[in-house]
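This is what each chain is made of:
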Amino acid sequence: MSSAHSMIERRPVSVAHLFLSRVEATPDAEAYRYPAPVDEHAADGAPGAEQWRSLTWAQTAVRVKAVAAGLMSLGIAAEDRVAIASATRVEWIIADLGNMCAGAATTTVYPSTNAEETAYILSNSESRVLFADTVTQLDKVTAQRAELPALATVVLFDSPAERPEVDGLTVLTLAELEQAGAAYLADHPDAIQKSIDGLDREQLATLIYTSGTTGRPKGVRLVHDCWAYEAVAQEASGLLRSDDVQFMWLPLSHVFGKTMISGQIRTGHVMAVDGRVDRIIHNLPVVRPTIMASAPRIFEKVYNGIAGKARAQGGAKYKIFLWAARVAREYSSTVQANRIATGTGSVPFALKLQHTIADKLVYTKIRAAFGGRMRGSVSGSAALAPEIGHFFVGVGVPILEGYGLTETSAGSSVNRAEDVRVGTIGQPLPGTEARIAEDGEILLRGPGIMRGYHQMPEQTAEVLEADGWFHTGDIGELDKDGFLRITDRKKDMFKTSGGKYVAPSEVEGKFKAICPFTSNILVIGNGRNYCTALIALDEAAIMPWAADHGLAGRSYAEVAASPQVNELIEGFVKRLNGDLQRWQTIKKFTLLPRDLDVEHGELTPSLKIKRPVVEKTYADAVAGMYAGANEA
């Protein structure tokens, strides 16, 4: 048995066990960093100023145990559901660990979820306590109070100026809960240890409701063993190391963000936590992370920003950037091809020389923007365009594309920094099996697989076989070296009226890679005799271009509707079509008057497109693109 699989076999019962072990092993080591306001009365205190503060593992343990005991004082017992509706911040982690140490199960709620769906999740999960970052989350509960008979307490992370009063609901601050917990521990000093000792591997640890691109969200039941496995597998695969500094901005209510917490506790490295997306670019050179989890959209925006800045400088600088970008892709592609063919990853001298020059002129600045120490950035939740992947690998900020679903505790397969295969989702984590069904669907089996959908036995039976194999709904391939490749979502693939299958995500990824002005694209063509596309532009990229081409002062919608921009995008569509099979080509397209977003229900919180919603919203535009066409 390999050392990696031996680690998997000897995994602990739960993350709560892992946490206590971590605290005992490295009590004084730094665990978390988080931004906090600077005191205005301090010498360097200016209104609105922030500084990063730290918690050691021992300091974290004091707060986690106080939260756990505070929940016990409220009568929370094993598997009782305790929800968290909050942006990503260090208190989210403290609350989640407190839940686990109390034996409770965490129900995660996106802070952007509307009042009706928040009430559905809290009601379906029968959550008794809700941790909320702000009064805004409490207001959602207040609006739906009649639907939530089980909910008795709301704990606010931020102390409000005025104490809210809601009939039949106790409202506490986190500080008050911790004080109650400290008092409880004074009378029951062994309560936490007893609780953790009583945990079972198959005990419910988390309910995560799938954001879903269609229909009501389903509660995914993840037990303690799921997270314990993920923690050990991330270390065993080399994905996370004890000397890492991880920057966490992903939504912790999403399975991708939450699974990275488990691995961090196992390895004991530092995690800097700040979920404000508009602060990512500012935080990176301050935190100087070695590892970060992200979604492809962030890398696309970074690439578009770099290209846009170079374009604005014009002349020689723009030509140098275009040359350096081409060299980065060629270098990465060559290394990958030769590693597969010969195992060496060798590069011809001329290309190596070009890469060295490009590194001094361009790549060092890009790496510096990421903090200068990034050994890898894990990408998941959607497909990454290979051209974007090769660019960042060539630059020296390798994107480690991985794969997983809420139903698999996120981590199922991932590329390793020492052998990145752009265009694949890597190899399965130790302890996870993968195979391809006869119809091309990827099937997975392992300790990270959910134990079912909450109170939905029929839906569970549809995807989970009796012998443990889980049907992912993704179509893919498994190569001779064990690398997985996704070709499309099984339910997203469509057939044209001519009987040809089209994988829309493949076409969409190709377009994003060649058009730096794209934010989102939706390819349409199911049952039609040709394909069309709805395209939303990246405002940060298109507006400077518009200003330079006679459209200064126009709104985004006016720019998108202009003949100049339509002609610009049409050029990229023609380039795309040159690389596609005839039946895949985009015959017509519509530029949308605004970008797709979560607020309008067009994107999930993990930024996946809700295709039915977008097609319904822009049904008139779609109908217009097929007007007069022969649909037979």
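Residues numbered from 1 in each chain as written. Predicted model: local features only at pLDDT ≥ 70, side-chain atom pairs only at ≥ 80, totals over all residues. Heavy atoms only, no water.

A. Looking closely at the nonpolar core. F19, Y32, F131 and F392 are the most contacted members of the largest nonpolar core, which has 154 residues in total. Apart from the residues within four sequence positions on either side, F131 is in contact with V67, L71, V82, A83, I84, A85, A95, N99, V155, F157, L174 and L177. Within the second largest apolar cluster, 45 residues are counted, among which are V502, I514, Y556 and F572. (Core = buried A, V, L, I, M, F, W, Y, C linked by side-chain atoms within 4.5 Å. Buried < 20%, exposed > 50% of the residue type's maximum accessible area, 1.4 Å probe, protein only. Contact = heavy atoms within 4.5 Å.)

B. Seen up close, the pattern of salt bridges. Throughout the structure, instances matching the rule amount to 34 salt bridges. The closest approach of N and O atoms between E126 and R81, which form a salt bridge, is 3.5 Å. Highlighted residues: E126 in the loop between α5 (115-125) and β5 (129-132) and R81 in strand β3 (residues 81-85), separated in sequence by 45 residues. Taking relative accessible area as the criterion, R81 reaches 14% and is therefore assigned buried. What you see here is one network of salt bridges that share partners, running through R11, R201, E202, D225 and R451. (Salt bridge = Lys/Arg side-chain N within 4 Å of Asp/Glu carboxyl O. Helix = DSSP H or I, 4+ residues; strand = E, 2+ residues; numbered from the N terminus.)

C. Highlighting the packing of helix α3 (residues 57-73) against helix α4 (residues 90-101). Packing of α3 against α4 brings their axes to within 8 Å, and their N-to-C directions diverge by 55°. In terms of their interaxial angle, α3 and α4 are classed as oblique. In this structure, α3 meets α4 at a crossing whose hand is right-handed. Contacts between α3 and α4 involve R63, V64, V67, A68, L71 and M72 from the first element and I94, A95, L97, G98, N99 and C101 from the second. Its residues assigned to classes, the contact of α3 with α4 shows nine nonpolar, two polar and one charged. (Axes fitted to C-alpha atoms, helices over the stretch in contact; angles between N-to-C directions. Parallel < 35°, antiparallel > 145°, perpendicular 65-115°, else oblique. Left-handed = near helix turned anticlockwise from the far one by under 90°. Nonpolar A, V, L, I, M, F, W, Y, C, P; charged D, E, K, R; others polar.)

D. View of the pairing of strand β9 (residues 219-223). The element β9 is largely enclosed, with a buried count of four among its five residues. As paired strands, strand β8 (residues 204-209) and β9 are joined by five bridges and run antiparallel to one another. Note that in β9 the partner of I208 across the bridge is V220. (Pairing = 2+ DSSP bridges.)

E. Representation of the sheet that holds strand β18 (residues 441-445). Read across the sheet, four strands follow the order β17-β18-β19-β20 without closing on themselves; strand pairing throughout is antiparallel. The strands lining the two open edges of the sheet, one partner per strand, are β17 (433-436) and β20 (484-489). Here the strands of the sheet are splayed against their neighbours by 50° on average, with no regard to which way each runs. As paired elements, strand β19 (residues 470-478) and β20 share five bridges and run antiparallel to each other. Following the sheet pairing, G476 is matched in β20 by I486.

F. Here's a closer look at the sheet that holds strand β1 (residues 30-37). With mixed pairing, nine strands are arranged side by side in an open sheet as β2-β1-β11-β10-β12-β13-β14-β15-β16. Across the chains shown, the open sheet's two edge strands, defined by having one partner strand only, are β2 (50-56) and β16 (427-428). As paired elements, strand β13 (residues 376-379) and strand β14 (residues 399-403) share three bridges and run parallel to each other. Counterpart to V378 in the pairing with β14 is L400. Where α4 meets the sheet, it contacts β1, β2 and β11 (270-273), and its direction lies at approximately 135° from that of β1.

G. Geometry of the packing of helix α2 (residues 15-25) against α4. It is the contact of α2 with α4, at a shortest axis distance of 9 Å, that shows an interaxial angle of 110°. In terms of axis orientation, α2 runs roughly perpendicular to α4. Contacts between α2 and α4 involve V15, A16 and F19 from the first element and L97, M100 and C101 from the second. In terms of residue class, the contact of α2 with α4 is built from six nonpolar, no polar and no charged.

H. View of the environment of D597. Tracing the chain through its elements places D597 in the loop between β25 (586-591) and α21 (611-617). A residue is classified by how much of its surface remains accessible, and D597, at 18% relative accessible area, is buried. The contact partners of D597, leaving out residues within four places of it in the chain, are E602 and L603.

I. Up close: unusual backbone geometry. A positive phi angle is found at E79, which is not glycine, with a value near 70°. Position of E79 among the secondary structure elements: in the loop between α3 and β3. In this model, S409 sits at a positive phi of 60°, which is unusual for a non-glycine residue. Structurally, S409 is set in the loop between β14 and β15 (413-414). Judged by its relative accessible area of 0%, S409 falls in the buried class.

Everything listed is a geometric property; what it means functionally is a separate question.
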